[in-house]
Amino acid sequence: GYWTSACNLSATMADDASEEYGARISAAYDASKQITGSNVCFDAKNGVCPPRLTGKVRDRYEIGSDKLALVTSDRQSGFDRSLALVPFKGQVLNLTSAYWFGVTQDIIPNHLLSVPHPNVSIVKKCTPFPIEFVVRSYMTGSTSTSIWKNYQDGCRNYCGHELPDGMKKNQKLEKNILTPTTKEEHDRPISEADIVSEGWMKQEDLDACAKAALAVFDRGQKIAAERGMILVDTKYEFGKDSSGVIHLIDEVNTPDSSRYWLKDSYQERIAAGKEPENIDKEFLRLWFRQNCDPYKDKVLPDAPKDLVVELSRRYIKLYETITGKKFDFQEGAEGAIAEAIQKSA
């Protein structure tokens, strides 16, 4: 059922470019051209050869005492697992973040210094806070930490926020709320009061991050709305630089860290009891939920190719819609990553 609505959304978003994009994504998928991060090879003749520190989606390279190179791969994660390799996804995430860092830097400083390659960001080194600042505007979600799953299970005080009875899935909340989670082996929702009482953060740092998270989200919602999208929820991360200044770090309002819905069809679909049309990884998560237990099964099934290609196409469409720029397909880009990092060092 969900895959049918995903295909219907393809038709909704279809234009001349979509067919061409689909063919290019499909060809990259068939040729295994996705950027895994494993083929970044440094040549000592060209400069630094930093070791690779691997995350779920991003790889980190230390290039000096105060700078990092972050490489965003095409790895797709969900349920704290690796789900698929999605062509061009890394470029979309990296360049979408760069756009949002640019249009929110008046609200809070951020760590971005330069983007020498579509998959690479050179950033100021910061010490991250051990909390993810999740901001939500709607009653939705499919993961164990989401507001909807908790609400379904009877929770009426979620991260310190009182929720009324009788709310429905995908309904707008009374106001935007901050629902932080801890960064542990398995994230857990936590209230602002408990963040301080459990010693995760000092009150003044928490207040500064909470204020910035809500302000960045508010701006994101306004810009998204102008472009026909609803920014539903997202997560932000913050850290301190060597001078103790708080910075926005990691990624901002990307389709990996956020949920986006199409604005024009939202009311009609909710009234008809349908899921909103989305441009994020939710439909991939739902496919895994329908086909396995992504939290318990040791081996996950392979996501169908057409699902992966569709996800890539949506991500590219989102990038173009939000930034107003045409996506520049960089094929074989993994070979140029090491050199871009070395030049930046």
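These remarks concern the structure in this document. The residue numbering used here restarts from 1 in each chain and proceeds along that chain's sequence as written. Confidence filtering applies because this is a predicted model: local features only for residues at pLDDT of at least 70, side-chain atom pairs given and counted only at 80 or more, and all residues used for totals across whole chains, interfaces and linings. Neither water nor hydrogens contribute to the side-chain values; these are computed over all heavy atoms in the structure.

### A short note on the pairing of strand β7 (residues 120-124)
Reasoning step 1: Buried, partly exposed and exposed residues are distinguished by accessible area as a fraction of the type maximum, computed with a 1.4 Å probe on protein chains only: under 20%, between the cut-offs, and over 50%, respectively. Put simply, DSSP H or I for four residues or longer makes a helix, DSSP E for two residues or longer makes a strand, and each gets a number counted from the N terminus. With four of its five residues buried, β7 lies for the most part within the structure.
Reasoning step 2: The criterion for strand pairing is that DSSP finds at least two bridges linking the strands in question. Here strand β3 (residues 67-72) runs beside β7; their pairing, made up of five bridges, is antiparallel. Residue pairing in the sheet places Leu70 in a bridge with Ser121 of β7.
Reasoning step 3: Here strand β6 (residues 112-117) runs beside β7; their pairing, made up of three bridges, is antiparallel. Paired with Ser114 across the strands is Ile122, a residue of β7.
Reasoning step 4: Where β6 hands over to β7, the hairpin turn is made up of two residues, counted between the paired strands.

### Some words on the packing of helix α3 (residues 89-104) against helix α6 (residues 203-226)
Reasoning step 1: Convention adopted: a line fitted to C-alpha atoms gives each axis, helices being fitted over their contacting stretch, and angles between N-to-C directions are expressed from 0 to 180 degrees. As a packed pair, α3 and α6 sit with axes 11 Å apart at the nearest point and diverge in direction by 110 degrees. Classified by the angle their axes make, α3 and α6 are roughly perpendicular. For the element pair α3 and α6, the recorded crossing hand is right-handed. Residues Tyr99, Trp100, Val103 and Thr104 of α3 touch α6, and the partners they reach there are Val216, Arg219, Gly220 and Ile223.
Reasoning step 2: The residue classification treats Ala, Val, Leu, Ile, Met, Phe, Trp, Tyr, Cys and Pro as nonpolar and Asp, Glu, Lys and Arg as charged. All others, Gly included, are polar. Partitioned by chemical class, the residues of the contact of α3 with α6 number five nonpolar, two polar and one charged. Each angle receives one of four descriptions, namely roughly parallel if under 35 degrees, roughly antiparallel if over 145, roughly perpendicular if within 65 to 115, and oblique otherwise. Crossing handedness follows the turn of the near helix against the far one: under a right angle anticlockwise gives a left-handed crossing, and clockwise gives a right-handed one. Residue contacts follow a heavy-atom distance rule, with two residues in contact if any of their heavy atoms lie within 4.5 Å.

### Re the packing of α3 against helix α9 (residues 305-323)
Reasoning step 1: Direction vectors running N to C along α3 and α9 enclose 20 degrees, while the axes themselves pass 9 Å from each other. With respect to α9, the element α3 is oriented roughly parallel. For α3 against α9, the interelement crossing comes out left-handed. Together, Lys89, Val92, Leu93, Leu95, Thr96, Tyr99 and Trp100 of α3 and Tyr315, Ile316, Tyr319, Ile322 and Thr323 of α9 make up the contact between the two elements.
Reasoning step 2: Each residue belonging to the contact of α3 with α9 can be placed in one class, and the counts come to nine nonpolar, two polar and one charged.

### A closer look at the environment of Gly154
Reasoning step 1: Within the element layout of this structure, Gly154 appears in the loop between α4 (147-152) and β10 (157-158).
Reasoning step 2: According to the relative accessible area criterion, Gly154 is partly exposed, its value standing at 49%.

### Quick notes on the nonpolar core
Across soluble globular proteins, nonpolar side chains show a tendency to be buried alongside one another.
Reasoning step 1: We call a set of buried residues a nonpolar core when its members are Ala, Val, Leu, Ile, Met, Phe, Trp, Tyr or Cys and they connect through side-chain atoms within 4.5 Å of each other. The biggest cluster of nonpolar side chains holds 33 residues, and the ones touching the most others in it are Phe133, Met201, Tyr236, Phe238, Leu248 and Tyr260.
Reasoning step 2: Of all the elements in the fold, those that place two or more residues in this core are α3, β9 (131-139), α6, β14 (229-240), β15 (246-249), β16 (258-262) and α9.
Reasoning step 3: Here the element with the most residues in this core is α6; it accounts for nine residues.
Reasoning step 4: Residues Phe79, Val309, Leu311 and Phe327 belong to the second largest nonpolar core, which totals 27 residues.

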